[in-house]
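Below are the chains, spelled out letter by letter.
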Amino acid sequence: MASPNGALADRRTVLLGVTGSIAAYKALDLAGRLRRRGINVVAAMTGAACRLVGPASFESITGNPVARELFPENKPQTIEHIALAELADAVAVVPATANFLAKAAHGLADDLLTAAVLATKSPKLAAPAMNVGMWENPVVQGNLKKLKAGGWQVVEPEEGFLACGTRGAGRLARVEIIEQAILDLLGRGRDLAGVPVLITAGRTEEPWDPVRFLSNRSSGRMGFALARAAREQGAEVTLIAGPADIAPPEVDSLIRVRTAGEMRRAVMRQLPGNRALIMAAAVADYRPRITQRSKIKRSGGRITLELAPNPDIVAEAAGKRKKGTVVVGFALETGDLRANALKKLRAKGLDLIVANDARALGSSSNRGWLFFAEGRSERVPETGKDAFAKLIINRLVGLLKRADG
Ligand code: CTP
């Protein structure tokens with residue numbers, strides 16, 4: 001599905017309706033949070049909302065133009081409310097005024113937002129915010145009942161001080177709660193909903209004294225993109241992250257490790273509770289046999305660092321997994337990609353190996369091959385790591401379905 005800013009075809013879009021309540025400014029925070037999760041947000045504001053918060057703020061936070069008019073003069077060729085209705089994977093009206101609830105409950109469509117809401121088949125949510133007298137009015141409660149019966153999800157307001165100076169129910173629910181409700185709404189129909197997935201990312205560092213270590217150039221980008229992509233599909237992601245150049249994404253459980261030994265222990269402990277392991281971390285194959293307790297002094301002469309092999313984590317995990325657990329590994333090669341990757345796929349007992357060129361290390365794009373245990377292979381042309389990650393997660397969905405028989 002195309003989006004106004006030309007975002008990736010499979011990115012999810014939330015139509016964020018903003019109506020004229022004082023709480024409208026809180027929708028900016030919500031829009032920012034959703035966007036940070038990789039969700040495409042298109043704001044549709046009513047005239048009253050535009051008087052409370054400048055549309056330009058929403059435009060800069062969402063990266064999309066704000067939808068305001070039913071028949072915009074600059075787009076005579078499009079039917080705006082239908083385009084929005086089709087674009088949205090979910091609609092969230094935050095804050096929703098009593099007036100909006102009344103119109104939505106009765107099918108009125110006298111502005112862009114109410115018309116789009118009436119036209120869309122996507123799941124819908126409203127987070128009301130209003131004065132306590134209005135909130136408690138049986139007419140408003142009746143409208144809410146009607147909306148709920150029609151499939152709307154309602155995030156009830158909280159008790160507290162209201163903008164009008166009184167205390168009572170009617171204050172917009174906390175933004176984190178609304179955010180979660182929207183994520184749940186988007187989750188309907190997601191392929192990995194509730195499936196626990198274990199992902200490793202980043203590099204390991206193998207210290208030889210308190211200030212020096214052996215490592216590699218992995219940035220963590222690929223593993224983090226995988227964690228995001230798995231989460232977008234609804235997976236419950238445990239991310240075991242070694243050192244990386246960027247901050248890890250939000251996941252269900254984050255375990256930070258440094259050395260290959262720590263990563264191995266974490267993987268083996270977490271594996272039994274997960275349906276899949278994606279081993280994207282660049283594990284150091286060797287560690288200094290001895291780690292000195294104090295800094296090695298420069299003597300001027302030659303020193304010899306004796307290295308001991310690290311355990312092959314993914315091979316051990318594949319060997320000890322429960323039936324039905326899918327294991328995906330990576331192969332980083334500087335030559336003979338296909339032959340080396342196939343050798344690793346078999347030697348480590350993996351279901352899928354993602355073979356990429358060593359040039360991908362530290363870069364924002366990737367290309368390579370996917371080799372499946374059953375003999376299939378697939379070439380992946382040069383693509384951004386987010387899109388690459390989505391492709392791998394889609395293939396994981398297929399492997400899990402097959403494992404379920
Ligand atoms: N891997 C692992 N434990 C290690 C080394 C690698 O689990 N000690 C995993 C990586 O996370 C990756 C896969 O094994 O999923 C292949 O890693 P790669 O570095 O390409 O291969 P190696 O097995 O280390 O072989 P080589 O370095 O000889 O190419």
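Below or above, wherever it landed, is the structure these notes cover. The structure presented is a predicted model; accordingly, all values stated were derived computationally and were not measured. (Residues numbered from 1 in each chain as written. Predicted model: local features only at pLDDT ≥ 70, side-chain atom pairs only at ≥ 80, totals over all residues. Heavy atoms only, no water.)

**Focus on the site of the ligand**
To keep it simple, the criterion reads: One heavy atom within 4 Å of a molecule or strand is enough for the residue carrying it to be called near that molecule or strand. Counting of polar contacts relies on pairs of N or O atoms within 3.5 Å, with two restrictions inside protein: one atom must be capable of donating a hydrogen and the other of accepting it, and residues adjacent in sequence are counted only when both atoms are side-chain atoms. Where accessible areas are quoted, they stem from the Shrake-Rupley method and a 1.4 Å probe; at the residue level, only the protein chains shown are allowed to cover. The helix and strand labels rest on DSSP assignments: H or I over at least four residues marks a helix, E over at least two residues marks a strand, and numbering proceeds from the N terminus. When residues are grouped by polarity, Ala, Val, Leu, Ile, Met, Phe, Trp, Tyr, Cys and Pro land in nonpolar, Asp, Glu, Lys and Arg in charged, and all others, Gly among them, in polar.
In the region of the ligand, 14 residues are neighbours, and Ala281, Val314, Phe330, Lys344 and Lys348 sit closest. A distance of 2.8 Å is found between an oxygen atom of the ligand and a backbone nitrogen or oxygen belonging to Val314. Residue Phe330 places a main-chain N or O atom 2.8 Å away from an oxygen atom belonging to the ligand. About the coverage of the ligand: the protein hides 76% of its 570 Å² of free accessible area. Taken together, the elements giving at least two residues each to the shell around the ligand come down to helix H12 (313-320), strand E16 (326-333) and helix H13 (337-348). Here the shell around the ligand takes four residues from E16, the largest share from any one element. For the shell around the ligand, the residue count by class is nine nonpolar, one polar and four charged.

**As for helix H10 (residues 221-232)**
Rule in force here: One less than the number of residues in a helix, times 1.5 Å, gives the span that helix is expected to have. Only protein chains enter the accessibility calculation, which uses a 1.4 Å probe. A residue is then buried if its area is under 20% of the maximum for its type, exposed if over 50%, and partly exposed in between. Throughout, a contact is declared for two residues whenever any of their heavy atoms are within 4.5 Å.
Taking 1.5 Å per residue, twelve residues should reach 16 Å; H10 reaches 16 Å between its end C-alpha atoms and fits that length. Taken together, the buried positions of H10 are occupied by Met222, Gly223, Phe224, Ala225, Leu226, Ala227, Ala229, Ala230 and Arg231. Tucked inside the fold, the buried residues of H10 contact strand E8 (196-201), strand E11 (236-241), strand E13 (276-279), E16, strand E18 (365-372) and helix H14 (385-404). In the segment just after H10, Gly234 is the residue with positive phi, at about 95°.

**What to know about the sheet that holds strand E5 (residues 153-154)**
Let me state the cut-off plainly: What makes two strands pair is DSSP finding at least two bridges between them.
Ordered in space as E2-E1-E3-E4-E5, the five strands form an open sheet in which the pairing is parallel. Across the chains shown, the open sheet's two edge strands, defined by having one partner strand only, are strand E2 (40-45) and E5. The sheet contact formed by strand E4 (residues 124-128) and E5 spans two bridges and is parallel. Bridge pairing in E5 links Ala126 to Val154.

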